[in-house]
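# A closer look at the structure
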Amino acid sequence: MTTTRRRLLGSVGAGVGVATLGTTEGTAQESGDYWTVVALPDTQNYAEVQSSYATDQTRWIADNVDAENIVFASHEGDVVENGDVEAEWQYMDEAMSTLDGVVPYSTVTGNHDYATLWDRESSIAKYKERFGPSRYAGRDWFGGAGPTTGDENRDDLNSYQLFSAGGYDFLHLALEWEPPGSVDDPSTPLGWAQSVFDDHPDRATIVTTHSYLRDAPEQRAQDLQEANDIGNAGQAVWEELISPNDQVFMVLCGHWHEDDGEAHRVSTNDAGSEVYELLANYQFGIPNGGDGFMRRVEFRPGAGSDAPDRIRVRTFSPSTGGTMTDGDSEFGFDLDFDARFGSSPGPPPEPEGPSATFQQGTDGYEGAADTVIRAADPESSYDTAETLSVDGDDPEGSGSATQVLLRFDGIIGLDDTQIPPGSTVNEATLWLQSSDAGDGAAIHRLRTDWSSDATWVSVGGGIDADGADAVSEPVAETGAVETGETAIDVTASVQAWVDGARNRGWVFRPPGPDGWDIESVESATPPALIVSYEPGDAAVGDVDGDGDIDGDDVNRIQRWIAGEDVEIDRAAADVDGDGDVDISDAVAVDNFAGGDR
């Protein structure tokens, strides 16, 4: 069985038929499984007068994360009106804090965010204090910030974020106002951005920067506005960074408002691919500094007319309940998500001959469990996390480890979808989707029980490969792992379980400080276990011959070992094949009967 991106989408979208503020009639019928990126235009006027509009926006996002399947929120710059006024930063800090722990998000600097308007050489300290990289420490979706050259007023104003949706892996680049430098110089913002692209070449990318596309005339900005002529205008950013990097499919921006503060265009990059450029800034064209209007960018599989899929853009205000439906406010682009974003791979095809594939949500299988346990957060459970990290240094510099626990229950049995006890396992492959490269893991078969809400404390301070917590010798060591598919040979583990050992899954232990991120059971691309086998000659474990392995079989073999006059199928009861039926066989049958607890 090969699981395709289309089949996996059912576990992604939560927006089916949900009526929410700003939804136009009939929208949900276009495509039930969709995901949303939110664009927040300039909030400077809201910050200056301390109005409720910015808090209304972030509260709407937090309240509708599930209903609209919001996967990312991007602020387009000019966070405040006066970059030297502490009260404005405090207001926006509180407004954006509503998103903390709810959804990945970013901000970028605008010209108003400096202590002196238009002057990049003036202080940006208040922005960095509130919205610098320290704000996102510990967030698994935060990739990093840069460049870092030792200039405290200029360092780390750009950042990147990683997220997944619809079976695709995305990169978001948050690029400062009129970013300086050249792509050939990694010590500059443009050069640092290029290095981020080079490190994540397979991720479809959205770029957000403050000043890029103008509304009148509707073209990229040609001239710098920065007081000291430091930086690159929108056209130069296109030529240097956007157009040469085919992974960039969308650019979001604010700032310009010569006409109505809205514009969009479809441009063709160096590779001949389409790039969607979107401007939104409502601070002057609409009362009260914008009335809280914001953008939803919806990714709707199967909703295209001229291509399979569609990106739909909608403009609305959670404060007033108003919508704008003119051609600059509501529009869309038809494209093929697989072709533009890179098809999300399914597991390898089933091998020839008898085989079984186990993947959460596929063909009715619901037996997978996983979690991450963190030494730095020892009492917290991460059982619903969509991304799991194996790391020897989390948070960075702490030396604290994170470990991943993974198990596939119910894989041994006599059902057509299971591996029969007594089989010979020809090959067992654990297939994972890696969302971030890293040092990989040493993978050990577990010997201790755990549940998906396990914590570092609940398993006794992490899992040791000491023969008690887990088997000392790893079943596999991955070495350094890149993003994309990762296939791991776990044949020895599965054979042990088929032979009657208790299936408690695996622990992934970090070999180094560069964390490796994998998609979890809760994600759109959950782990899969693919097993090919040769069935044994007898229905091993089915001691009473009724076609099931259950408590009756355990009871009967225990009574037989105790010397009672009870009939058993000796061939089925001799699980280990040593010619005797003894306590080790009883334990193995109990394991089978317990559904590999």
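The text that follows walks through the structure, step by step, so that each part is easy to find. (Residues numbered from 1 in each chain as written. Predicted model: local features only at pLDDT ≥ 70, side-chain atom pairs only at ≥ 80, totals over all residues. Heavy atoms only, no water.)

### Details of the overall build of the protein
- Across its full length, the protein holds 14 helices and 25 strands.
- Compactness check: the protein gives a C-alpha radius of gyration of 28 Å against a globular reference of 25 Å for 597 residues, within 12% of the reference.
- In terms of its C-alpha atoms, the protein occupies a principal-axis envelope of roughly 95 × 50 × 45 Å.
- Scored against the burial criterion, the 597 residues of the protein give a buried share of 58%.
- Within the protein, counting contacts between residues at least 6 apart in sequence, those at least 24 apart form 74% of the total.
- About 22000 Å² of surface is accessible on the protein, with carbon and sulfur atoms providing 42% of the total.
- Where the 33 positive side-chain charges of the protein centre and where its 115 negative ones centre are 3 Å apart. (Helix = DSSP H or I, 4+ residues; strand = E, 2+ residues; numbered from the N terminus. Rg over C-alpha atoms; globule rule 2.2 N^0.38 Å. Buried < 20%, exposed > 50% of the residue type's maximum accessible area, 1.4 Å probe, protein only. Contact = heavy atoms within 4.5 Å. Areas by Shrake-Rupley, 256 points an atom, 1.4 Å probe, with all protein chains shown as cover. Lys, Arg positive; Asp, Glu negative; His and termini not counted. Charge placed at Lys NZ, Arg CZ, Asp CG, Glu CD.)

### What to know about empty space enclosed by the protein
- Per the counting criterion, the structure on display carries 1 cavity of 30 Å³ or more.
- Around the largest cavity, the lining is made up of 13 residues, and of these Tyr127, Phe131, Gly132, Tyr136 and Ser159 lie nearest the centre.
- Of all the elements in the fold, those that place two or more residues in the lining of the largest cavity are helix H6 (125-131) and strand E5 (158-165).
- Broken down by element, the residue count for the lining of the largest cavity peaks at 3 residues, all from E5.
- Split by residue class, the lining of the largest cavity holds 6 nonpolar, 6 polar and 1 charged. (1 Å grid on protein atoms, 1.4 Å probe; cavity = no way out; pocket = protein on both sides within 12 Å on 5 of 7 lines; lining within 4 Å. Points joined across faces, edges and corners; volume = space filled by probe spheres on them. Nonpolar A, V, L, I, M, F, W, Y, C, P; charged D, E, K, R; others polar.)

### A word on the packing of helix H4 (residues 53-63) against helix H5 (residues 86-97)
- Between H4 and H5, the shortest axis-to-axis distance is 8 Å and the interhelical angle comes to 15°. Relative to H5, the element H4 is oriented roughly parallel. Every pair of crossing elements has a handedness; the one defined by H4 and H5 is right-handed. Within the contact between the two elements, H4 uses Tyr53, Ala54, Thr55 and Thr58 and H5 uses Tyr91, Met92, Ala95 and Met96.
- In terms of residue class, the contact of H4 with H5 is made up of 6 nonpolar, 2 polar and no charged. (Axes fitted to C-alpha atoms, helices over the stretch in contact; angles between N-to-C directions. Parallel < 35°, antiparallel > 145°, perpendicular 65-115°, else oblique. Left-handed = near helix turned anticlockwise from the far one by under 90°.)

### Brief notes about the side chain of asparagine 232
- Along the chain, asparagine 232 turns up in the loop between strand E7 (204-209) and helix H8 (234-242).
- Among the residues examined, asparagine 232 registers a relative accessible area of 13% and is labelled buried.
- A polar contact of 3.0 Å, which involves the side chain of asparagine 232, links it to the backbone oxygen of glycine 181.
- Not counting residues within four places of it along the chain, the set of residues in contact with asparagine 232 comprises Glu178, Pro179, Pro180, Gly181, Leu190, Leu224 and Val237. (Polar contact = N/O pair within 3.5 Å; in protein donor to acceptor, adjacent residues only side chain to side chain.)

### So, helix H11 (residues 491-498)
- Burial analysis of H11 places 7 of its 8 residues in the buried class, the great majority of the element.
- Once H11 finishes, glycine 500 follows within two positions and takes phi at roughly 115°, a positive value.

### Examining the packing of aromatic side chains
- Enumeration over the complete set of coordinates arrives at 36 aromatic pairs.
- Among the aromatic residues, those joined into a ring-pair cluster are Trp35, Phe72, Phe163, Tyr168, Phe170, Phe249, Phe299, Phe337 and Phe341.
- Between arginine 214 and the ring centre of tryptophan 256, over which it is positioned, the NZ or CZ distance is 4.2 Å.
- Geometry around phenylalanine 316 places arginine 296 over its ring, the cationic atom sitting 4.5 Å from the centre. (Phe/Tyr/Trp six-rings, centres within 6.5 Å; stacked < 30°, edge-to-face > 60°. Lys NZ or Arg CZ within 6 Å of the ring centre and 35° of its normal.)

### Side note on unusual backbone geometry
- Cis geometry marks the peptide bond from glycine 146 to proline 147, where omega comes out at -10°.
- Along the polypeptide, proline 147 turns up in the loop between strand E4 (142-146) and E5.
- At the junction of aspartate 394 and proline 395, the peptide bond is cis and its omega measures out at 0° in the coordinates.
- Of note, proline 395 is situated in the loop between strand E17 (387-390) and strand E18 (402-408).
- Although it is not a glycine, tryptophan 118 sits at a positive phi angle of roughly 75°.
- Among the structural elements, tryptophan 118 can be located in the loop between strand E3 (105-106) and H6.
- One non-glycine residue, aspartate 363, lies in positive phi territory at about 55°.
- Checked against the element boundaries, aspartate 363 lands in the loop between strand E15 (355-359) and strand E16 (368-374).
- Judged by relative accessible area, aspartate 363 falls into the exposed class, the value being 58%.

### Thoughts on the nonpolar core
- Counting residues in each nonpolar core, the largest one holds 48 residues, and the members touching the most others are Phe408, Val494, Trp506 and Phe508.
- Leaving out residues up to four positions away in the same chain, phenylalanine 408 has contacts with Phe358, Tyr365, Gly367, Ala368, Leu430, Asn503, Trp506, Pro527, Ala528 and Leu529.
- Leu40, Ala47, Ile61 and Ala73 belong to the second largest nonpolar core, which has 32 residues in total. (Core = buried A, V, L, I, M, F, W, Y, C linked by side-chain atoms within 4.5 Å.)

All we've got here are geometric facts, nothing functional implied.
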